[in-house]
Amino acid sequence: MRLRTVFAILAIGLLAAFAALNWQAFTTPTRLDLMFAAVDAPLGLVMLVLLGLVTLVFAVNMAVWQGTILMESRRNAKELAQQRALADQAEASRFSELRAALRDEVQLLDQRMSDVQEAVRADLRESTNSLASMIGELDDRLTR
């Protein structure tokens, strides 16, 4: 239990013990002036009932306040979950965009690589043909 709960229970227990020990004084009738009328009633009992009513009002007020806070925290938790879901969707979208961009870049690099390979093959063929013609020309010169 929390310290203030223990303190509240202790205070109520002490008040109940005090009222029980002094019950005779609490129930002794006294003349009470209510501004517009006078009444004979036990002042201690009236004050005890008023204390109970004030305590009840504060307890109800605290319960309403805690209920309001609980509802607001649940609403905030739902909004947070929605924002987290939106962030996850945005991140997934960014990953798919990145995957598509990488796939396009790889295809572009593959095409460039194919073009470079083809150019190297063409240069190699030209060099081979050129070398073969030079060797053939040298062979003709040697045979003459």
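Refer to the structure presented above.
Residues numbered from 1 in each chain as written. Predicted model: local features only at pLDDT ≥ 70, side-chain atom pairs only at ≥ 80, totals over all residues. Heavy atoms only, no water.

1. Details of the packing of aromatic side chains
Counted by the stated rule, this structure contains one aromatic pair. On the numbers, 5.9 Å between centres and 85° between planes, the contact of Phe18 with Phe26 is edge-to-face. Assessed through its relative accessible area of 48%, Phe18 is described here as partly exposed. Taking relative accessible area as the criterion, Phe26 reaches 11% and is therefore assigned buried. (Phe/Tyr/Trp six-rings, centres within 6.5 Å; stacked < 30°, edge-to-face > 60°. Buried < 20%, exposed > 50% of the residue type's maximum accessible area, 1.4 Å probe, protein only.)

2. Observations regarding unusual backbone geometry
The bulk of non-glycine residues show a negative phi, and the bulk of peptide bonds are trans. Phi is positive for Met35, which is not a glycine, with a value near 75°. Its location among the elements puts Met35 in the loop between β1 (29–33) and β2 (38–42). Judged by relative accessible area, which is 83%, Met35 ranks as exposed. (Helix = DSSP H or I, 4+ residues; strand = E, 2+ residues; numbered from the N terminus.)

3. Section: the pairing of β1
Pairing geometry for β1 and β2, over five bridges, is antiparallel. Residue pairing across strands places Pro29 opposite Pro42, the latter belonging to β2. Hairpin connection between β1 and β2: a loop of four residues separates the two successive antiparallel strands, and Met35 in this loop has a positive phi of roughly 75°. (Pairing = 2+ DSSP bridges.)

4. What to know about the pattern of salt bridges
Evaluation of the coordinates by the stated rule reveals five salt bridges. Here Asp40 ties to Arg31 by a salt bridge, and the two come within 3.8 Å at their closest N and O atoms. On the basis of relative accessibility, which here comes to 58%, the residue Asp40 falls in the exposed class. Taking the shortest distance from any N to any O, the salt bridge between Glu118 and Arg121 comes out at 3.9 Å. Taken together, the residues Glu118 and Arg121, both in helix α3 (residues 43–143) and three residues apart, mark about one turn of the helix. Taking the relative accessible area as the measure of exposure, Glu118 reaches 40% and is therefore partly exposed. The network of salt bridges with shared partners includes Glu118, Arg121 and Arg125. (Salt bridge = Lys/Arg side-chain N within 4 Å of Asp/Glu carboxyl O.)

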